[in-house]
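Overview (structure and organization)
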Amino acid sequence: MLNFKQPRLSRQLLKMALSLAISSIATQQSAMADTPVLPMVESTAANLGSTSGNSTTAPYSSPLNSTQTEETITGQAISAMNPTGDFAQSLANLPNMNIVPTGNNGIDGSNIYMRGMDQSLINFTMDGIPINAPIGYSFYSNENLPPQYISAINVKPGAGSAATIGNANFAGTIAIHSVTPSEHFSATPFYGYGSFGTQSYGGVINSGEILGGIIPTRIFLGATSTRSHGYFYNTQSHKYTFMFKSISHIGPGQLTLFFFQNNQTWNFYNGATDHEIATYGRRYSGNSADPESPNYYGTNFKNFLNWQSYVKYAFHIGRLELSDQYYYFYGKGGGTFTQNNRSAPGGFYLATRLFPVHEFGNIFKARYPFSTGSLQAGIWVDSDNETAFQYQSNLYNRFTGALVSAPVNQPVVTESVQPYVQGEWSPVTHLRLTTGVKLLNLHRTWRNYVSKEERTANFNQWLPSFGMNYALQPDWHLYFNYTRSAEAPSSSQLTASYFNSGLQPEIANSYEVGTYWHRAAWGGRFTAFRTNFENYILSTPVVIGNQVFSTQSNAGAAIYQGLEFSNSYQITPWLSAFANFGILDARMTSKNQPALQAPHHTEAVGLNVKTTHWQGMLAVQQIGSRYYATGATGNSKLGGYVAGNLSVAYDTGAISLWRGYSLPNLQISVHVNNLFNNDYALSASPSTSSAGAAYQLAQPINAFAQISTTF
């Protein structure tokens, strides 16, 4: 498979960037002996104490006294990986992490797998707000903050604790933190252009502190436009984003206002079989350029507009710390697509589906510290209304005019309440204990306005947690964590379970034991983990009369277990390195099958450079073999691959002109993806058009260059 020659970019740009970086480092090494490497990763949890790895230079760091696995990546590392794509690419270097772009280097989103589990089992938050879709826990990375608006990402593999806010936290939590407005005024316009017609432009403005005599306030504004022809597409992807954030000091606390809008249109990438690749070429995407084809690319696309907003007030009364965060999410979009008309062979019809979403909620937290620990409690309340709506006016055959499908109007309302309480206690100086419990309470209501039907379901589950951290030495800690997790059945699972109205939440017990260390220039962690699913929801056959139906039931058991090893080392004041390794055993024990897209091993190594004017990051990842579904025949193995990425940036500093005039500094950067131009498949799925699997391929080597200036 994939034994064909792919188009190649000229490597002159890559050679130039490498030679400039190496020559600059050699000439500036002695002068920059006291200049630290740009902080690629730092902890955002100030109350967690010192961190493993040098917190000012290490590419990844973790709190030494955390009772769970935790690593944090800064916004600089995020943008270094792929400034035009989504944030998911910055996660690729972490152990047991598998990132699968869905066609266009992250512009159109990525599928994220952590410890072998897909993103419906990963809890995603943005500034503390859960952002998985409550209707089915799905997550779309392209609909969220682009790299320019992210300050850090806190990654917590493992189920976390009772205080973890969110629904889907079996694999862990990926917490995205938006940028904080600066205390000083600045304006930064930028423009970039790269392979396959990719271009991005926009700017960010920091107001600095204003209204100092009334309400001290700082404001951040950002706007970005990104578009790309894409390697696999015949039509452009468009993505427009806008972000507003303000921080004001009012009374005893801090008021934060936030608004983010994303408006995007993109095409489908369905992959291609070996036969299709041989016939049509590597760039075949499963869509046709023929307007008379049901797979015409001009009508097979998706579009989505979404808003994310919140108001948060954090304050304290004496030693009592309080915060209240109200949020609202709005989304509207879907897909326009063509389908075969079974009632008129050879014909097809055009259909448009929209999925309007209205979600709002509130997160209230309280924490009281005392001499040997603290007590915290909170409650998360959420209401989500999503509607599957298909336009009736478009459901007619183009040739005969006959109605070929009934209209769809099915709202699903999901309401949830999750209170929690958690205590922290240090009975002796070197020991830290955390224990808590939360309640999962969720209610779903389905209404079908076409068939006049309504159904409801309620779920309740108590979820305890316990964590421990013990300091063997000031720079060497051990930790242990146990957390019970649950996820209520999704809307699609429940509606597909007509013959099993008693479908219950999936439940898993997660265990972690590991160690953190920070020994001079060397920092890192080692973790052993195991997650046991007790009642995994599976599709099972049901026989009624002479017919066999498929339904959902809590008939599954699964094990996800493995080892993780993260290392960061400060080689010189201007050069650091990292090496991360993961080993994974993920399988559905009840079916005796491997979990899908769960690599048996992952490796990532890299270098990070920072001098006065130059900075760069080189990262190489190896993803081991994994499995994909082949339909009724079971699962098949997909071979592993090696990928590399390079980022090189140069800051000119202020440019002096004549008579005392000067230009602001310019920042010029070059980013190269698939550095070695390797040919590999990211994923695969059963083909609907011909025999054999449809392979979703990686783009060939591609580059993106950007220039910006700050006033």
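These remarks concern the structure in this document. This is a predicted model, so every value here is computed, not measured. Throughout this document, residue positions are counted from 1 along each chain, in the order its sequence is written. In keeping with the model being predicted, local features are shown solely for residues with a pLDDT of at least 70 and side-chain atom pairs are shown and tallied solely at 80 or more, while totals for entire chains, interfaces and linings include all residues. The basis for every side-chain value is the complete set of heavy atoms in the structure, and neither hydrogens nor water enter the calculation.

**Overview of the overall build of the protein chain**
- Check the secondary structure of the protein chain and you find 4 helices and 39 strands.
- To sort residues, take the accessible area from a 1.4 Å probe on protein chains only and compare it with the maximum for the residue type: under 20% means buried, over 50% means exposed, and anything in between is partly exposed. Burial analysis of the protein chain (711 residues in total) assigns 54% to the buried set.
- Should any heavy atoms of two residues lie within 4.5 Å, those residues are considered in contact. Considering only intrachain contacts with a sequence separation of at least 6, the fraction spanning at least 24 residues in the protein chain is 65%.
- Surface accessibility follows the Shrake-Rupley procedure with a 1.4 Å probe radius. Residue values consider only the protein chains on display as shielding. A total accessible area of about 29,600 Å² is found for the protein chain, and carbon and sulfur atoms account for 59% of it. The way it works is that DSSP assigns letters per residue, a run of H or I at least four long becomes a helix, a run of E at least two long becomes a strand, and they are numbered from the N terminus.

**Re the side chain of Thr445**
- As for its placement among the helices and strands, Thr445 is situated in strand S21 (residues 431-448).
- Filtering out sequence-adjacent residues up to four positions away, Thr445 remains in contact with Pro411, Val412, Val413, Glu454, Arg455 and Thr456.

**Notes on the pattern of salt bridges**
- Any carboxyl oxygen of Asp or Glu within 4 Å of a side-chain nitrogen of Lys or Arg constitutes a salt bridge here. Taken as a whole, this structure holds 12 salt bridges when the rule is applied.
- Of the charged contacts in the structure, one is a salt bridge between Arg525 and Glu71, with a shortest N-O distance of 2.7 Å. On the criterion of sequence distance, the pair formed by Arg525 in strand S25 (residues 522-544) and Glu71 in strand S3 (residues 71-74) is long-range, its members being 454 residues apart. Like Glu71, Arg525 is buried.

**Focus: unusual backbone geometry**
- A positive phi angle, close to 60 degrees, is found at Phe196, a residue other than glycine.
- One can find Phe196 in the loop between strand S10 (185-194) and strand S11 (198-210).

**What about the side chain of Asp86?**
- With respect to the helices, strands and loops of the structure, Asp86 is situated in the loop between helix H2 (75-81) and strand S4 (97-101).
- With no salt bridge to any partner, buried Asp86 finds its closest opposite charge in Lys239, at an N-O distance of 8.1 Å. The convention is simple: Lys and Arg are positive, Asp and Glu are negative, and His and the chain ends are not counted.

**Focus on empty space enclosed by the protein**
- Throughout, the protein atoms alone are placed on a 1 Å grid, and a set of points is a cavity if a 1.4 Å probe fits but cannot get out or a pocket if it is open with protein on both sides within 12 Å along at least five of seven lines; lining residues have an atom within 4 Å of a point. Grid points are joined across faces, edges and corners, and a volume is the space filled by probe spheres set on the points. Summed over all chains, the structure comprises 6 cavities of 30 Å³ or more.
- Its volume calculated, the largest cavity comes out at about 370 Å³.
- If you go around the largest cavity, you meet 26 residues; those closest to its centre are Gln89, Pro101, Ala643, Asn645 and Tyr680.
- Contributing elements (two or more residues each) for the lining of the largest cavity: S4, strand S30 (614-623) and strand S33 (641-651).
- Residue polarity is assigned by list, with Asp, Glu, Lys and Arg as charged and Ala, Val, Leu, Ile, Met, Phe, Trp, Tyr, Cys and Pro as nonpolar; anything else, Gly included, falls into the polar class. When grouped by side-chain class, the residues that make up the lining of the largest cavity number 13 nonpolar, 13 polar and no charged.

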